[in-house]
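Coordinate inspection notes
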Amino acid sequence: MEYILIVLAVILGGLLGWLLKQTFNAEPWVADVVSDTAHQGPMNAHSKLIGLVTLLAVVTSFFALIVSAYTLRMDLGDWIPLTEPGILWMNTGVLVVASLAFQWTRNAAVRNDESKLLPGMIVTGLLTSVFVIGQFIAWQQLNASGQYVTSNPANAFFFFLTGAHAVHILGGMYVWTRATVRLMSGKDTESVRRSIELCALYWHFLLIVWLVLFGLLLST
Amino acid sequence: MPLAVVLILLVVGSVIFHFVSPWTFTPLASNWGTIDLTINITFIVTGIVFVAINLFMAYAIIKYRYKKDARAKYEPENKKLEYWLTGITGVGVALMLAPGLFVWAEFVNVPEEADVVEAVGQQWHWSYRYPGADGKFGEVDAERITMDNPFGIDPADPNGQDDLVVAHPEAHILLDQPVKFLLRSKDVLHNFTVAQFRVKMDLVPGTQTYLWLTPTKAGRFELLCEELCGIAHHTMRGAIIVDERADYDAWIAKQQTFAESQVVVVGNADIGAAQYAICGACHGQQGEGSVAMNAPKLAGQSGWYLQRQIKAYQNGLRGVHEDDTYGRQMAPMAATLFDDASIANVIAYIQSFPDTPAPHTIAGDADHGQRLYRVCSYCHGKDGMGIQALNAPRTAGMTDWYMARQLQNFKDGVRGTHKQDFYGMQMGFMGAIVQDEQAINDLMAYINTL
Amino acid sequence: MSSYVAIADRDHEIEHHDPQTFIRKYVWSQDHKVIAIQYGITAIFVGLIALGLSLMMRLQLGFPNEFEFINPESYYQFITMHGMIMVIYLLTALFLGGFGNYLIPLMCGARDMVFPYMNMLSYWAYLLSVIILLASFFVPGGATGAGWTLYPPQAILPGTPGVEWGILLMLVSLAVFIVAFTMGGLNYVTTVLQARCRGMTLMRMPLSVWGIFIATILGLLAFPALLVSAIMMLFDMNLGTSFFMPAISSMGVDPGFVGGSPILFQHLFWFFGHPEVYIVALPAFGIVSDLLSVHARKNIFGYRMMVWALIAIGGLSFVVWAHHMYVSGMHPYFGFFFATTTLIIAVPTAIKVYNWVLTLWEGNIHLRVPMLFAIGFIFTFIHGGLTGLFLGNVTIDMPLSDTYFVVAHFHMVMGVSPILVVFGAIYHWFPKITGKMYNETLGKWHFWMTFLGTYAIYLPMHYLGFQGVPRRYFAMGNTDFLPESAQALNAAITISALFVAATQILFFVNMIWSMKSGKKADPNPWDATTLEWLTPDTPPKHGNWGPDLPVVHRWAYDYSVPGYEDDFIPQTVPPEQAPAGRDHGVVD
């Protein structure tokens, strides 16, 4: 369980640091006149970002727990390391490029460079789809070579980890689809642009998750 | 005001209840007095806190109850007081924790000289293995478990040949001698608990756990499973008997080794036929049973069950209760089968009989019976064919009036109350949930449809 | 100044989107108050079912084998469903989905949750999870009887009720609940962080919001552990993997598993399960602090310490999980670590208790119904907390684990105590939620019978545990080590339980009658300082605050401030309107 504890320590530590900064020297019983410049008012521009970051913390906890379970189960004696299909390297490459493409699109969105948004989004979506299909092919290859989900806990974890990751990608694809459709209809560009920014962050996050998972799979 | 009074009364009442009520710790019968000591320390510390805070609160409620012209004091915080309270709490906590850790260290490290006994759990049964003369256990493997090798001992392992296998839920240990119980489960989680010993531990399939103790009182102590293990969890009982040296040695000498247990006594049906003549007088020449003679059908019943019941009659586990008229008739008959071989022979002969379903003599609401049978089906099987691993005999196609009578006997405590009749005890628990005669009839009506 | 523009935008929006039709207003509502009430009513409804289940169990324990429909199969199903419903579908949903939804925006001075649409989805997903859970009673084989801990291997093997469908529905329902909770939780966290009104610094927030906020963070990080274990169990069950399933012989049959670890499941389960205790407890801590302060007319004592204690308890709750597993067969050396962390968590918890009691000290205590429940909570929580010191200490846990002592302990600390707070909170905010006053006399009767009745249930139950009566036993039968009187005690406990359950009718009568015919409530009947009492309408309308959002100038606990005529100063009153010399009472 040490992995989840480390992850939680980081998340909670960050939160705690921030809370302490807010609270440590405060003397809450002292009343004051709130000046206009003092914070504290609805800042909706950031709400979605905060919401997303919170969600990412939840997803991190989810994957860290699987990794913890993975390492605990690995020590139980009947573990036969799985030889990962070579296609995973290609998939990883595709996901990296997808992330880069999303970053490029995001930068265009920030610069308000509308002409680049749609092509950027479509390229990202295609690359990501290729990744998901590639993962599916990896599953097929394993099954074809007699490596079923039940053959060994290493296999079971492989399918679980890749499956869980793919589900998160598909969740992202749902948001991507909505953004792209709205982009095509040309309405509400301001909120679409914000949506692209958040989506890009999510993509990078899932890339990092994948790199960690892939590293774990390769190293064990 | 009434609130404060009630709080004071509750505090006083709780303290009185603690000291006066008849419900308290079961007397200790092992070396773990240190556990009781730790509990007592914790009782003192927590008791003081419980009384002090609640009385203080009650006092505050009385003293500062609402008064029209009163005004609360404005005091956001009092750092000094808070630090003091934190410090005192820390000391109190350390006072409770330290002995706890100390005793735990003692529990974790088993004394070198401890005897070793393996306790094996399965749904819903205890059995035991002793290492035998060589002091070493043979290798076990869940995949080797069969009805003939219930412990799953590797037959090729020389260490295992002299292991004493006790397939019965009663184990004996030696007074004043440390004993380490190695705990193993065949199926699900169980838990090894003897209230008087204080220590307990789960049995976890796939791994081995342990606990240790030194029994300090001779006697019979009930063993309970305390980890939910399925529908008959509450019937998973056993007994640990603490013996003086002589009794212990005598008991050990009587136990079977693994090698001996693997020698299968094959019954000879031809010899059995002659011995069956006396049985046949009541149970019928084809084991078909007879209402007039109050004898149930034997044909089709599993051999292991017949054998167990004959032995139960012989050993006084069954057919001794004064209300068990027909059981008392059977007991002397069972005694005519004087050794294991003759029992095996008779059973071999009984198993050669054609298995025709017993005639239906009981009418009832089979739909209602089906609902009732759900609970039965866990052990006796949905098809009523019985499951040997659960010690449950076949019910389908057997004699309905006989089963009805036995169920009534279990319910009334006429059968299954002998301390060593663990299987009867289990059925006693289950029989107790059948409400009345009508329910028994409905149940039989359903069993007759299986 | 972009934030002001945003406010203006939103006000504009609210004007246009104020829902008119009944369905939009009360069913597919995105208003946090309506969602809170939906959550609350659904949770209380399933809670009543779970209460009924507990009575079935008590009947069997008090008067064994008297009822045909209570047999070992149904009994273990009752146990499982009772536990799961009470912990997750009632308490978690009610505190966070119910009170969290109602109080966070109102107490923070926001118009609504930050993501109202997701908030609505959260409720409907929760309702779906409840329906799936309740459906498991009606599928072939019935609900699962694996115990609320759902320990494998037995949860998915024959020998346990509900292996056909019940366990599947249970796991799916939990997964849906977790999704629902996550949608809600993102809202609560983001709203607290982002939507506080001007002047509402973190350290001016009422402790109710703090408790709910920290509990939500715990929930968001801990529920994934339950999700992971549920998914892995579904794999083992349906695909035949061996995450948790070792090689076994089940009823003489080899089901084909190899090498898995049941203890791995327990680690994951309790990694969720222990923070879950605090997910329920922390909102109760927060709410009770506010009830005490308001009705004692005194600021909460040691507010900063209270906040940090909440944070400390929240953080520590992640490193104590294995104290549920001292006798599980995990490596015994873990016992040292987890006993230490567990007893350390007693320190911040004790601080909270001291501060509640010190809030009463030198107060001016109104013993109204909410206050009665709050003080009742302190009493039962002290009791339950202290028995926790027994179980947290690894050595003492050995004889007491899996006995009725455990049952008594966690019902006292996690059942009775939070439920007393729930009642107190409902009475306290009833005037705001409905605009009507409840009936004080009925409320007092309700308190007395509930408080005394539950103590009569659980105090003696501890002593059954000392004697060694195991929990989760359908029947005890005859044993040598238990005196006959143990059964008599069990019967007495059952009678108390039936009594307590029956008296809850008073509560519902009071609520329903008062809602219809109660006296019209004053907008701020308790003279409280917090924002929810300062709304222009009672009950608050959609958008909560009328045209202008409140601006906060002080903390939530300015009661009986010296030199000020009223004994409370609402949070929105600027300092120049109250006399100076505010920190006289501060002792450093």
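Residues numbered from 1 in each chain as written. Chains lettered and ligands numbered in written order. Predicted model: local features only at pLDDT ≥ 70, side-chain atom pairs only at ≥ 80, totals over all residues. Heavy atoms only, no water.

All names here are of chain C. With an omega of 0 degrees, the peptide bond running from Pro 152 to Pro 153 counts as cis. Tracing the chain through its elements places Pro 153 in the loop between helix H5 (116–135) and helix H6 (166–194). Cis rather than trans, the peptide bond between Thr 538 and Pro 539 has omega equal to -5 degrees. As for its placement among the helices and strands, Pro 539 is situated in the segment after helix H15 (485–517). (Helix = DSSP H or I, 4+ residues; strand = E, 2+ residues; numbered from the N terminus.)

Before going further, it helps to examine the domain arrangement of chain B. By the assigned domains, chain B splits into domain 1 (2–68 + 76–108), domain 2 (115–261), domain 3 (265–356) and domain 4 (359–450). Using only C-alpha atoms to locate each centre, domain 1 of chain B and domain 3 of chain B end up separated by 62 Å. (Domains from an automatic or database assignment.)

Packed helices, taken two at a time, are described by the angle between their axes plus the distance between the axes. Running from N to C, helix H1 (residues 2–20) of chain B and helix H11 (residues 369–392) of chain C point in directions that differ by 15 degrees, and their axes come no closer than 12 Å. With respect to H11 of chain C, the element H1 of chain B is oriented roughly parallel. Of the two elements, H1 of chain B crosses H11 of chain C, and the hand of that crossing is right-handed. Along its contact with H1 of chain B, which presents Leu 3, Leu 7, Leu 10 and Val 11 of chain B, the element H11 of chain C presents Leu 372, Ile 375 and Phe 379 of chain C. Here the contact of H1 of chain B with H11 of chain C is built from residues that sort into seven nonpolar, no polar and no charged. (Axes fitted to C-alpha atoms, helices over the stretch in contact; angles between N-to-C directions. Parallel < 35°, antiparallel > 145°, perpendicular 65-115°, else oblique. Left-handed = near helix turned anticlockwise from the far one by under 90°. Contact = heavy atoms within 4.5 Å. Nonpolar A, V, L, I, M, F, W, Y, C, P; charged D, E, K, R; others polar.)

Once that is clear, we can look at the interface of chain C and chain B. Contacts between the two partners involve 135 residues from chain C and, on the opposite side, 112 residues from chain B. Of the roughly 10,800 Å² buried between chain C and chain B, counting both surfaces, carbon and sulfur atoms make up 67%. Our count for the chain C to chain B interface comes out at 38 residue pairs in polar contact (both at pLDDT 80 or more). Mapped by element, the contributors of at least two residues to the side of chain C that touches chain B are helix H4 (72–108), helix H8 (262–296), helix H9 (303–316), helix H10 (334–360), H11, helix H12 (394–400), helix H14 (440–467) and H15 of chain C. When residues in the side of chain C that touches chain B are grouped by element, the largest group, 15 residues, is from H10 of chain C. Looking at the side of chain C that touches chain B residue by residue, the classes come out as 80 nonpolar, 36 polar and 19 charged. (Buried area = accessible area lost by both parts, 1.4 Å probe. Polar contact = N/O pair within 3.5 Å; in protein donor to acceptor, adjacent residues only side chain to side chain.)

Turning next to the pairing of strand S7 (residues 200–203) of chain B. All names here are of chain B. Examined bridge by bridge, strand S6 (residues 190–193) and S7 share four bridges and lie antiparallel to one another. Note that in S7 the partner of Phe 192 across the bridge is Met 201. Two successive antiparallel strands, S6 and S7, enclose a turn made up of six residues, where Arg 198 displays a positive phi of approximately 75 degrees. (Pairing = 2+ DSSP bridges.)

Residues and elements named next belong to chain C. Mapping Ala 528 onto the fold places it in the segment after H15. In this structure the C-alpha to C-alpha distance between Ala 528 and Phe 568, which are 40 residues apart in sequence, comes to 6.8 Å. What Ala 528 contacts, discounting residues up to four positions off in sequence, is Val 294, Trp 533, Tyr 559 and Phe 568.

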